[in-house]
Amino acid sequence: MTTSYWERTAKKEVYAPLDKDLEAEVLIVGGGLTGLMTAWNLMQAGKKAVIVEARTIGSGVSGNTTAHLNSSVDCDYHIVAQNFGKDTAKLVAEAAVLGIELVGQVDKAHNLDANYKKLPAYIYAETTDQILELQKELKAAKEAGLDVEEVEEIEGLNFPTGMVVRFNRNARFHPLKFLYGLAETLREAGVQIYEQTRVEEHNEKDGYVEVTLSTGATVRAQHLVLATHSPIFMHSVHTRMAPYRSYAIAVRTRQPVPDSLIYDMREPYNYVRKEEDDVVIIGGADHKTGQTGDENQHLQNIKAWAEERFGIAEYLASWSAQVFEPADNLPFIGKSLTHKRVYYGTGYSGDGTLWGSFAGYLLSDIILGKENKFAELFSPARLNVKAEAGEFLKENLNVAKEFIVERFSSDASDVKEIPNGEGKILRQGIQQYAVFRDDQGGLHVMSPTCVHMGCVVQWNKMEKTWDCPCHGGRYKATGEQLSGPPATGLRKAEL
Ligand SMILES: Cc1cc2nc3c(=O)[nH]c(=O)nc-3n(C[C@H](O)[C@H](O)[C@H](O)COP(=O)(O)OP(=O)(O)OC[C@H]3O[C@@H](n4cnc5c(N)ncnc54)[C@H](O)[C@@H]3O)c2cc1C
């Protein structure tokens, strides 16, 4: 798997696994932004949560993000206003700004030194269609109460752009310096943090949730927060959002790059920002998870975009991770529809650093039983047929197609066709297998059926993982669960 620039430039503490039974008022599953910000908000109210993380703090998408905190969120204010009304667009803008501000407040309050910096975000339109779209967005963003304006140009940019809109008072930060520092702050305040501790099962009983861990230990919790990016186990919300891979590079450029957040409006869009003086982070090239011939090609697309505009002097890192696009454009943050004591935040699109930060605040209030004006809007219980029906149908037809078509497909019919370090879907008779050959030539044979809802996983050539094209479950080459809805790994099989 790839290693992000953030992982290369931050130092973390190690937390031991949880190997004894425990009782907790609030158990948080997942040590990313959502999990740690929920723990931080609960701590402000005097509650000390327990955090369990399957791998290490920040090893999920939060450590593989590009960490723009931009109020120009992917949900598009003009679409939200059209589907939900202008008052809702205002609430969304307010929530986005809160998410941005909270990261800054936490960074400052605990001296995390996470390079948090306030700066403007620019969106530029290159074609007539894009200009029309951007004009609508500018109007809707203003009406939603954001500090936004049309400007002549992007100050300091070395190539011409068409129409430009500037969203003021946005920010950027180093996500792992932030999370590693925050984890230590929480631990020092009495929050228990455990790494290498995977939640494998949960059962809601009368008055508590019983959670079984990969270490064999059990936790009884009054409230369970699934801060796992997409909630583990079965939830109807999985059918209301679609998984996409997204890519990023860290480079030194030959041309100067202004210190701001910059986005084009291509499909998929490209975006760029500086980190330190001479380090530039560039992202984009999104595509449906598990539905592309070669993931490396998407990375090449970003490299080519960056080379053409800024000239690449040095590559420092390249990586990819996943985003979940909600059918009605808004994140789902709140109580699970099927459980009384289970909560999650998901469907963040490409804005999960600010939504993760905001989710920590909202989930904490919901758990504490406090009234919160945002609760209803972001609740997984909301249903707006006008906003959701089209995307819901499109994505679920796509899932149905993947479910059926991939049952009959294969990449190889003989293990000899699988080189060292590669995986392929192998067909023998009517049976399919997910087969990985490691660097020493050893074969790892698994059932290719995703343990979440039964789709056939696909080999990711860049990350060397098995990715499910339906709901975004991901597994290591050797089958262990990585992320997405499944809580356990692919089943072992024999040829
Ligand atoms: C390339 C890329 C660029 C992005 N850029 C931006 C950006 O510029 N701005 C922005 O706002 N957003 C961006 N995003 C989105 C944003 O980074 C994510 O939405 C956000 O980090 C998600 O945080 P999270 O805490 O919800 O999930 P994660 O950070 O994924 O945390 C979930 C954690 O749960 C753990 N876990 C999973 N299953 C279990 C289990 N069974 N037991 C225990 N632990 C478990 C995982 O190991 C993981 O650490 C980007 C995303 C990508 C992919």
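Numbers given for residues are sequential positions, taken from 1 along each chain in its written order. Totals for whole chains, interfaces and linings use all residues, but because this is a predicted model, local features are given only for residues with pLDDT of at least 70 and pairs of side-chain atoms are given and counted only at 80 or more. Note: side-chain values were computed over all heavy atoms of the structure, leaving out hydrogens and water.

## Some points on the overall build of the chain
This is how the line gets drawn: By the criteria applied, helices consist of DSSP H or I runs no shorter than four residues and strands consist of E runs no shorter than two, each listed in order from the N terminus. Relative accessibility under 20% of the residue-type maximum defines a buried residue, over 50% an exposed one, and the middle range a partly exposed one, all with a 1.4 Å probe and only protein chains included. The criterion used for residue contact is that any of the two residues' heavy atoms lie within 4.5 Å. Surface exposure here means Shrake-Rupley accessible area, sampled with a 1.4 Å probe, where a residue is shielded only by the protein chains that are shown. Asp and Glu are treated as the negative residues and Lys and Arg as the positive ones, with His and the ends of the chain left uncounted. The atom standing in for a charge is NZ when the residue is Lys, CZ when it is Arg, CG when it is Asp and CD when it is Glu.
Regarding its fold elements, the chain presents ten helices and 24 strands. A principal-axis box enclosing the C-alpha atoms of the chain has dimensions of 65 × 55 × 45 Å. Every one of the 495 residues in the chain was classed for burial, and the buried ones make up 59%. The contacts of the chain with a sequence gap of at least 6 include a subset with a gap of at least 24, amounting to 69%. A total of about 19700 Å² of accessible surface is found on the chain, and carbon and sulfur atoms cover 48% of it. Averaging the positions of the 53 positive and the 67 negative side-chain charges in the chain gives two centres separated by 2 Å.

## Considering a nonpolar patch on the surface
Filter applied, for reference: Patch membership needs two things, relative accessible area over 30% and no salt bridge, and members are linked within 9 Å if like-charged or within 5 Å if nonpolar (Val, Leu, Ile, Met, Phe, Trp, Tyr). We define a salt bridge as a contact between a side-chain nitrogen of Lys or Arg and a carboxyl oxygen of Asp or Glu at a distance within 4 Å.
On the surface, F403, I404, V405 and F408 cluster together into a nonpolar patch covering about 410 Å² of accessible area. For V405, the location among the structural elements is in helix α10 (residues 385–405).

## With respect to the state of the cysteines
Selection rule: When the sulfur atoms of two cysteines come within 2.5 Å, that pair is taken as a disulfide.
A complete count under the given rule lists one disulfide for this structure. The disulfide partner of C455 is C470, and the gap between their sulfur atoms is 2.0 Å. Taking the torsion about the sulfur-sulfur bond, which here is approximately -90°, the covalent link between C455 and C470 counts as left-handed. You can see C455 sitting in the loop between β20 (443–446) and β21 (458–460) and its partner C470 sitting in the loop between β22 (465–467) and β23 (474–476), a full 15 residues away along the chain. The class for C470 is buried, based on a relative accessible area of 2%. Note on C450: no disulfide assigned, nearest cysteine sulfur contributed by C468 at a separation of 4.0 Å.

## Regarding helix α5 (residues 128–143)
Heads up, the rule is: Here a helix's expected span is defined as the number of its residues, less one, multiplied by 1.5 Å.
Over its 16 residues, α5 runs 23 Å from end to end, which matches the ideal 22 Å to within 8%, given 1.5 Å per residue. Taken together, the buried positions of α5 are occupied by Q130, L134, E137, L138, A140 and A141. Note on α5: the residue one or two positions beyond its end, G145, has a positive phi of about 95°.

## Details of the domain arrangement of the chain
What counts is decided by this rule: Domain delimitation in this document rests on an assignment produced automatically or drawn from a domain database. Buried area: the accessible area, evaluated with a 1.4 Å probe, that two parts lose upon being put together, summed over both parts.
In terms of domain boundaries, the chain breaks down into domain 1 (5–64 + 176–236 + 329–392), domain 2 (115–171 + 239–326) and domain 3 (415–483). Summarising the inter-unit geometry, the C-alpha centres of domain 2 and domain 3 are found 32 Å apart. Around 1100 Å² of area is buried between domain 2 and domain 3 when both sides are counted, 52% of it from carbon and sulfur atoms. Our enumeration of links across domain 2 and domain 3 arrives at zero salt bridges.

## Description of the sheet that holds strand β18 (residues 422–428)
Put simply, the rule is: Here the rule is simple: two strands pair whenever DSSP picks up at least two bridges between them. Angles shown run from 0 to 180 degrees and are taken between the N-to-C directions of axes, each axis being a line fitted to C-alpha atoms and, for helices, limited to the stretch in contact.
Taken together, the three strands give an open sheet; going across it, the order is β18-β19-β20, and neighbouring strands pair in antiparallel fashion. Whereas interior strands pair on both sides, the edge strands pair on one side only; in this sheet they are β18 and β20. The average angle at which neighbouring strand axes cross in this sheet is 30°, direction not considered. In the sheet, strand β19 (residues 431–437) pairs with β20 via four bridges, with the strands oriented antiparallel. Bridge pairing in β20 places F436 opposite H444.

## Topic: unusual backbone geometry
The linkage connecting E267 with the following residue, P268, adopts the cis geometry, with an omega of 0°. Along the polypeptide, P268 turns up in the loop between β12 (261–263) and β13 (271–274). Here the phi dihedral of A67 falls at roughly 55°; this positive angle occurs in a residue that is not glycine. As for its position among the elements, A67 is in the loop between β2 (50–52) and β3 (68–69). Of note, the phi angle at K464 is positive, near 55°, even though the residue is not glycine. Judged by its relative accessible area of 33%, K464 falls in the partly exposed class.

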